[in-house]
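Okay, here's what each chain looks like letter by letter:
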Amino acid sequence: MTDDAVPDHRAPAPVPDLRASDADRERVAEALRDALAEGRLDMTEFEERLEAAYKARTYGELAPLTRDLPTAAAPAPPAPVSFTKAPAQSGSWASRIVGGEGSSTGGVAVLSGFERRGRWTVPKRFNCLAFMGGGEIDLREANFADHEVEINCVAIMGGVQVTVPPGVEVVVRGIGVMGGFDHPRDDGPPEPGAPRVIIGGFAFWGGVAVQRKATRAELKRLKEERRMLREQRREERRRDREY
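Cut-offs applied
Residues numbered from 1 in each chain as written. Predicted model: local features only at pLDDT ≥ 70, side-chain atom pairs only at ≥ 80, totals over all residues. Heavy atoms only, no water. Helix = DSSP H or I, 4+ residues; strand = E, 2+ residues; numbered from the N terminus. Buried < 20%, exposed > 50% of the residue type's maximum accessible area, 1.4 Å probe, protein only. Contact = heavy atoms within 4.5 Å. Areas by Shrake-Rupley, 256 points an atom, 1.4 Å probe, with all protein chains shown as cover. Salt bridge = Lys/Arg side-chain N within 4 Å of Asp/Glu carboxyl O. Phe/Tyr/Trp six-rings, centres within 6.5 Å; stacked < 30°, edge-to-face > 60°. Core = buried A, V, L, I, M, F, W, Y, C linked by side-chain atoms within 4.5 Å. Axes fitted to C-alpha atoms, helices over the stretch in contact; angles between N-to-C directions. Parallel < 35°, antiparallel > 145°, perpendicular 65-115°, else oblique. Nonpolar A, V, L, I, M, F, W, Y, C, P; charged D, E, K, R; others polar.

## A closer look at the overall build of the protein
Thought 1: Check the secondary structure of the protein and you find five helices and 13 strands.
Thought 2: Looking at the protein as a whole, 37% of its 243 residues qualify as buried.
Thought 3: Residue pairs at least 24 apart in sequence account for 69% of intrachain contacts in the protein once pairs closer than 6 positions are excluded.
Thought 4: Surface accessibility of the protein: about 13,900 Å² in total, with carbon and sulfur atoms responsible for 52%.

## Some remarks on the pattern of salt bridges
Thought 1: For the coordinates displayed, the defined rule picks out ten salt bridges.
Thought 2: Put simply, E26, E30 and R33 are held in one network by salt bridges that share partners.

## Here we look at the packing of aromatic side chains
Thought 1: Under the counting rule described, the total for this entry stands at two aromatic pairs.
Thought 2: Their ring planes at 65° and their centres at 5.7 Å tell us that W120 and F126 sit as a pair that is edge-to-face. Each of the two residues, W120 as well as F126, counts as buried.

## What to know about the environment of W205
Thought 1: When you line up the elements, W205 lands in the loop between β12 (196–204) and β13 (207–212).
Thought 2: Spatially, the C-alpha atoms of W205 and G180 are 8.2 Å apart, while their sequence positions differ by 25 residues.
Thought 3: Every residue in contact with W205, bar those within four places of it in the chain, is listed here: M157, G158, V177, M178 and G179.

## With respect to the nonpolar core
Thought 1: Counting 30 residues, the largest nonpolar core has I137, L139, I151, V162, I199 and V208 as the members making the most contacts within it.
Thought 2: Sorting the residues of this core by element identifies β4 (125–131), β7 (148–156), β8 (159–164), β9 (169–172), β12 and β13 as the ones contributing at least two each.
Thought 3: If you tally residues by element for this core, the top one is β7, at four residues.
Thought 4: Beyond its immediate stretch of four places on either side in the chain, V162 contacts I137, I151, I199, V208, A209, V210 and Q211.
Thought 5: Residues L50, L62, L65 and L69 belong to the second largest nonpolar core, which totals 13 residues.

## What about unusual backbone geometry?
Thought 1: Even without glycine at this site, M157 takes up a positive phi of about 50°.
Thought 2: Tracing the backbone shows M157 in the loop between β7 and β8.
Thought 3: On the accessibility criterion, M157 (35% relative accessible area) is partly exposed.
Thought 4: Look at M178: it is not a glycine, yet its phi comes out positive at around 55°.
Thought 5: Relative to the helices and strands, M178 resides in the loop between β10 (175–177) and β11 (180–181).

## Some remarks on the packing of helix α1 (residues 22–37) against helix α2 (residues 43–55)
Thought 1: Taken N-terminus to C-terminus, the directions of α1 and α2 make an angle of 175°; their axes are 9 Å apart at the nearest point. Compared by their axis directions, α1 and α2 come out roughly antiparallel. For the pair formed by α1 and α2, the contact residues are R25, E26, V28, A29, L32, R33 and L36 on the first element and M43, F46, R49, L50, A53 and Y54 on the second.
Thought 2: In terms of residue class, the contact of α1 with α2 is built from nine nonpolar, no polar and four charged.

Quick look at the structure:
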């Protein structure tokens, strides 16, 4: 076989900052021992590279140690798992802007509580009162009567929890007196076609909390991804031990 036909096994480093494993370092060390035995490295070079191999923490530090050798033991880094933000799990936004009057126009909690959650239609304006009580408004699986809806909350010695899915634009305009309106965390720009939710009203010795949270289906999907990643890492460690 000519030199031109010899495949180039040198380890690429498309993700140089990715952490190397003990097995990766040992493979490089084995390649260096072979190079020493073949006369490709002298003892000084071998000792220097071997020491660097066992100190290496990333693929980027391992790759140069065998780059000038005909073979290399450092494997190509595995593709990193990407937990990207998925689109709304309850259907596209276009399908969730349904028009109409809404399936519920308000909620009242006086020394009690109310909740609106699951599959329901948010009207253009939803009014709620929590007096020494609490309310829960969950929009994660809801449809919307319009591209812009308003939730008006009055919380007096009580509280209202508003949960919105990622991708929805939220504007908080409420006023608090010895109380307050929370703002949700910023998840970046709203998704195309997503509704705009305006949260206003008044809180006196009470509060209105606003949070972003994925749907139960999305949380289940992320949990399954994490489980699969853990199993993958356990399998890699098992193979490394066998090697």
